[in-house]
Amino acid sequence: MLAANDSAATARAARKRVSPGGAIQHIALAAITLIFLVPMLWVLSASIDARASFAIQWPHLTAGNFQGLFTGNVLLHPLWNSLVLSVGTTALATVAGSAAAYVLSRHRSWYTRGYLFIILFATGLPVQLLMIPAYTLFIQLNVLDSVPATILFLSATSLPFAIWLLKNFIDNIPLELDEAAQVDGAGAMTRLRVIILPLAAPGIAVAAMFTFLNAWGQFVIPYILLQSPDKLPAAVSIYQYMAAQGRVQYGPLAAFTLVFSLPVLLLYAGLSRFLTGAFNFGSGVKG
Amino acid sequence: MISSHKAAEQHKAGVNHSRGSAPSRAGNAQARRTALWRRLPWASLLLLLPATALLLIFLFGPIVQAIRVATTNEALTGPQAINYGFVGLANFSQLLTDPDFHNALGVSAKYVISSVIGVTALGLLLAYLMRRGVHPLLVKLVSAIIIIAWVIPEIVAGFIWLAFGGSNGTLAMILSPVSAGESDWLIRAPLVLVTVATIWATTAFSMLVFTAGLHGLPEEVLEAATVDGANLWQRIVRIELPMLKSTIATNLILVTLTVLTDFTLIYTLTAGGPGTATTTLPLYVFQEAISFTVLGYGTAAAVVLVAVAAFVSMLYVLLLKIEV
């Protein structure tokens, strides 16, 4: 609370002494923003253009590109597959991650330090590196092209970050609450249910949203581990439409990528207010 | 100097309080935590089991698998898919003399170095530009556009840049007055375009990290510097950047890891081509193992890549100096 007042005061003071280089500052900012914006504008115009090509142009307005998505199963089915993969992954990773984070935060044992060290190490190690070995492992276990096995794999890849995030949230719940509940006769499982889960709910929501975002946009993992056309998620089917160069219809594809990106943008907008401190590396972690 | 030292001490005390790891409290907290589990000692193991099983099978499993397959001549199809044998380090020594692997190393080096420099410089610049003197609504708008480029799925970013830089795309249209010739920039300057697309899709991360880092700088120090007559440039170079050292290091490591292992964006844009012009290490691994079906050899290349990434990731862990 004090920190919030402080920073508000600083911001007010900062606004008073606007630098003389303000014009240069605004021009530079506008230029960079425009460069970021121009590539995106094409998707927007192509999605409502009846005669879309690769070059940006004034669209021949149509809603047909979007309407086409909702007739027939060609594009709705991949979206459904994405939803199944993402929701399954989110549920599994959040439940397993919360349980593990609770123990790692509240129970100190000989393995705690090593476990956390491996978790942090794994958050920095991108999993797409392991895709080829994972592919041979899936062949050996005879689970290639299995949706449940792919969900298990996606969950495992999200777990390190989820556990790390949740552990930090649970660390901030006072230990006294656990102790008071214990005096009242609550066991470890009861305390998890009655104290930790309700108080860590915002943290669990953040972890769940992150996991969902990752799973929804994931391309490499389903591309390699799934094969049947009717099991492929939207990210893979977009790629396949793109790869079939000659037959690509840019308008409908642009409309589809917009629909596909919409949940990500909405979730991120919802998530952003939780994120103010999440990017504060270096100053917060180092003691 | 003294006051900042004090602040650091207070900060430390705060951290320790929430984590219970100050020397005087550590033993106490440890005992208190142990006491919590007296009645159900097995509950902790039960709760850890699902996550541990998933991590062991699906993260540790592929690592073991990688080391096993990399030392065989296993193939994806044909007789060597079933009857393969142990070949020791032959795959690794073959990598050393493979011109395509050397090419992939070179392409990766160029791609990673230029992307990391681009992302970091642009992220830092944006964080500074939006720090003060800009209307809050404008800050929100600009951040939103740059963050959208980062949060949209990589496959969508690939599609956007394929359209933007591809044959008769918007880029060719914009540049047509000044540059005639091949209209497909994915053929004309593939590595440059792939790098620019990567910077476009990654800058938001750096921007957010540096915005948070700048926000965390103690205002008194900066004001003292201004009072002492330091101009803007001196303040940034002599005071702020040195204070942001650990933020910059963290940013460099995380961006390097992201870019070093990026697959989707390049694969959708160029699939490593034309020829091998954009075949970075992850694409090389994929091509050898899946497209050329030499599974053992491709996996050996993957092991090299994992080792490089593991080294960078280890730097990250050491840098954070975790207190658990």
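None of these values were measured; they are calculated from a predicted model.

1. Re the overall build of chain B
Within chain B, the regular secondary structure consists of 16 helices and zero strands. Looking at chain B residue by residue over its 324 residues, the buried ones come to 52%. Across chain B, every contact between residues at least 6 apart in sequence was considered, and the portion connecting residues at least 24 apart equals 64%. Split by element, the accessible area of chain B, about 14,900 Å² in all, is 70% carbon and sulfur.

2. Structural notes on the interface of chain B and chain A
Facing the 110 residues of chain B at the interface are 108 residues of chain A. Carbon and sulfur atoms make up 75% of the area that chain B and chain A hide from each other, which totals about 10,100 Å². Summed over the shared surface of chain B and chain A, the result is zero salt bridges. Our count for the chain B to chain A interface comes out at five residue pairs in polar contact (both at pLDDT 80 or more). In the side of chain B that touches chain A, the residues fall into 75 nonpolar, 24 polar and eleven charged.

3. Observations concerning the packing of aromatic side chains
Per the counting criterion, the structure on display carries 23 aromatic pairs over all chains. On the numbers, 6.3 Å between centres and 40° between planes, the contact of Phe219(A) with Tyr267(B) is tilted. Here Phe219(A) is found in the loop between helix H10 (201-217) and helix H11 (220-225), whereas its partner Tyr267(B) is found in helix H14 (residues 264-269) on a different chain. Look at Tyr267(B) and you get buried, because its relative accessible area is 11%. In this structure an aromatic cluster arises from ring pairing among Phe219(A), Tyr223(A), Tyr239(A), Phe263(B), Tyr267(B) and Phe286(B).

4. With respect to the packing of helix H9 (residues 188-199) of chain A against H10(A)
Residues and elements named next belong to chain A. Between H9 and H10, the least distance of the axes is 4 Å, while the angle of their chain directions is 60°. Judged by the angle between their axes, H9 and H10 are oblique. Where H9 approaches H10, its residues Leu 197, Pro 198 and Leu 199 are matched on the opposing element by Ala 201, Pro 202 and Ile 204. Along the lines of polarity and charge, the residues of the contact of H9 with H10 split into six nonpolar, no polar and no charged.

5. Observations regarding helix H6 (residues 131-140) of chain A
Counting buried residues in H6(A) gives eight out of ten residues, a clear majority hidden from the surface. Here H6(A) has its buried residues at Met131(A), Ile132(A), Pro133(A), Ala134(A), Tyr135(A), Thr136(A), Leu137(A) and Phe138(A).

6. A word on the confidence of the model for chain B
Residue and element names in this part refer to chain B. Confidence along chain B averages 81 in pLDDT terms, with 89% of residues attaining 70 or more. The secondary structure element of chain B with the lowest average pLDDT is helix H1 (residues 2-19), at 35, and the one with the highest is helix H5 (residues 99-129), at 93. Taken together, the stretch residues 1-25 has pLDDT below 50 and engages in 19 contacts with residues farther than four places along the chain or on a different chain.

Parameters and conventions
Residues numbered from 1 in each chain as written. Chains lettered and ligands numbered in written order. Predicted model: local features only at pLDDT ≥ 70, side-chain atom pairs only at ≥ 80, totals over all residues. Heavy atoms only, no water. Helix = DSSP H or I, 4+ residues; strand = E, 2+ residues; numbered from the N terminus. Buried < 20%, exposed > 50% of the residue type's maximum accessible area, 1.4 Å probe, protein only. Contact = heavy atoms within 4.5 Å. Areas by Shrake-Rupley, 256 points an atom, 1.4 Å probe, with all protein chains shown as cover. Buried area = accessible area lost by both parts, 1.4 Å probe. Salt bridge = Lys/Arg side-chain N within 4 Å of Asp/Glu carboxyl O. Polar contact = N/O pair within 3.5 Å; in protein donor to acceptor, adjacent residues only side chain to side chain. Nonpolar A, V, L, I, M, F, W, Y, C, P; charged D, E, K, R; others polar. Phe/Tyr/Trp six-rings, centres within 6.5 Å; stacked < 30°, edge-to-face > 60°. Axes fitted to C-alpha atoms, helices over the stretch in contact; angles between N-to-C directions. Parallel < 35°, antiparallel > 145°, perpendicular 65-115°, else oblique. pLDDT = per-residue confidence, 0-100.

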